[in-house]
Amino acid sequence: MFQPDLFAAAPRTEPDPAPSARALDLPALLDRLTALCERPRYSFMVLNLIAQASDRSGWAGPFVREGDRRVPVRDWLSEALTPVARRDPRRLGLAERARADLAAQGQLPADEDAAERAIAAEVQRRIQLSGRTNVSRAVSELVRAGLVRRRYQGYRVDHHNRGAQRQVVYAVTEEARAALHGRR
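Here's what I pulled together on the structure shown here. (Residues numbered from 1 in each chain as written. Predicted model: local features only at pLDDT ≥ 70, side-chain atom pairs only at ≥ 80, totals over all residues. Heavy atoms only, no water.)

1. Overview of the nonpolar core
If you look at soluble globular proteins, the nonpolar side chains tend to sit buried side by side. Among the nonpolar cores identified, the biggest contains 31 residues, and Leu 29, Val 46, Leu 47, Ile 50, Leu 77, Leu 147 and Tyr 170 are the most heavily contacted of them. Of all the secondary structure elements, the ones that give two or more residues to this core are helix H2 (26-36), helix H3 (40-53), helix H4 (73-81), helix H7 (112-144), strand E5 (166-172) and helix H8 (174-180). What Leu 47 contacts, discounting residues up to four positions off in sequence, is Leu 29, Leu 142, Leu 147, Val 148, Val 172 and Leu 180. Within the second largest apolar cluster, six residues are counted, among which are Leu 94, Ile 119, Val 123 and Ile 127. (Core = buried A, V, L, I, M, F, W, Y, C linked by side-chain atoms within 4.5 Å. Buried < 20%, exposed > 50% of the residue type's maximum accessible area, 1.4 Å probe, protein only. Helix = DSSP H or I, 4+ residues; strand = E, 2+ residues; numbered from the N terminus. Contact = heavy atoms within 4.5 Å.)

2. A look at the layout of surface pockets
Taken as a whole, the second largest pocket spans an internal volume of roughly 160 Å³. Taken together, eleven residues form the lining of the second largest pocket, with Arg 74, Arg 132, Arg 166, Gln 167 and Val 168 sitting closest to its centre. For the lining of the second largest pocket, the elements supplying multiple residues, two or more each, are H4 and E5. (1 Å grid on protein atoms, 1.4 Å probe; cavity = no way out; pocket = protein on both sides within 12 Å on 5 of 7 lines; lining within 4 Å. Points joined across faces, edges and corners; volume = space filled by probe spheres on them.)

3. A short note on the packing of aromatic side chains
Tallying each qualifying case throughout the model produces zero aromatic pairs. A cation over an aromatic ring shows up here: Arg 151 above the ring of Trp 59, its NZ or CZ 4.6 Å from the ring centre. (Phe/Tyr/Trp six-rings, centres within 6.5 Å; stacked < 30°, edge-to-face > 60°. Lys NZ or Arg CZ within 6 Å of the ring centre and 35° of its normal.)

4. Some words on unusual backbone geometry
With an omega of 5°, the peptide bond between Gly 61 and Pro 62 qualifies as cis. The residue Pro 62 is located in the loop between strand E1 (59-60) and strand E2 (63-66) in this model.

5. Side note on the sheet that holds E1
Taken together, the three strands give an open sheet; going across it, the order is E1-E5-E4, and neighbouring strands pair in antiparallel fashion. Looking at the sheet topology across the chains shown, the edges are occupied by E1 and strand E4 (148-154). Here E4 pairs with E5 via seven bridges, running antiparallel. In the sheet register, Arg 151 faces E5, and the bridge partner there is Val 169. Helix-sheet contacts for H3 involve E1, E4 and E5, and the interaxial angle to E5 is about 100°. Along the sheet, H7 contacts E4 and E5; its crossing angle with E4, the most-contacted strand, is approximately 125°. (Pairing = 2+ DSSP bridges. Axes fitted to C-alpha atoms, helices over the stretch in contact; angles between N-to-C directions.)

6. Quick look at the side chain of Glu 141
Structurally, Glu 141 is set in helix H7. Dropping the residues within four chain positions of it, Glu 141 is found in contact with Cys 37, Glu 38, Arg 39 and Ser 43.

7. Describing the pattern of salt bridges
For the structure shown, the criterion picks out nine salt bridges. Across the salt bridge formed by Arg 69 and Glu 66, the nearest N and O atoms sit 2.5 Å from each other. Here Arg 69 falls in the partly exposed class, since its relative accessible area comes to 40%. With a relative accessible area of 30%, Glu 66 lands in the partly exposed category. For Arg 125, the salt bridge is made with Glu 122, and the minimal N-O distance between the two is 2.7 Å. In this pair, Arg 125 and Glu 122 both sit in helix H7, three residues apart, roughly one turn of the helix. (Salt bridge = Lys/Arg side-chain N within 4 Å of Asp/Glu carboxyl O.)

The values are spatial; any link to function lies outside them.
The following block contains the structure:
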């Protein structure tokens, strides 16, 4: 026999604060990401990398210095996150699909070493395109979650592709930066 009142929830004296009214700490940030993002772990990694690449004001981009080269921030994020997908089963079949596509287009060299280099280059190109798309989706979710702001910088060309010749710049909000660095 058990005592039922032992397991009853204690009455609450005050209601839970609304998520927006509660100070954002790391658990609350993760809770917000889980509620608003399709892939919260990936979005958290993107947020953390943007915060790492940002200057004191929280802005990252349009370029990130990597050694002696300047890389667009979206490409830098994509390259930084590439190892995460290394063991993904879908990625294992990518080389075979690239080989089949190059052969179907007649672009696969007859020399085996040259063919392997061409396949590796095609796989890298596809990974970069996919990575850029994944980063853009994650940043869009972070913008909707109110953790990142996004703007574009550079020359604007007046034609149907409004993004041409412009580079993205991201800013982690002060609230998110405080949560990531453990400040309140």
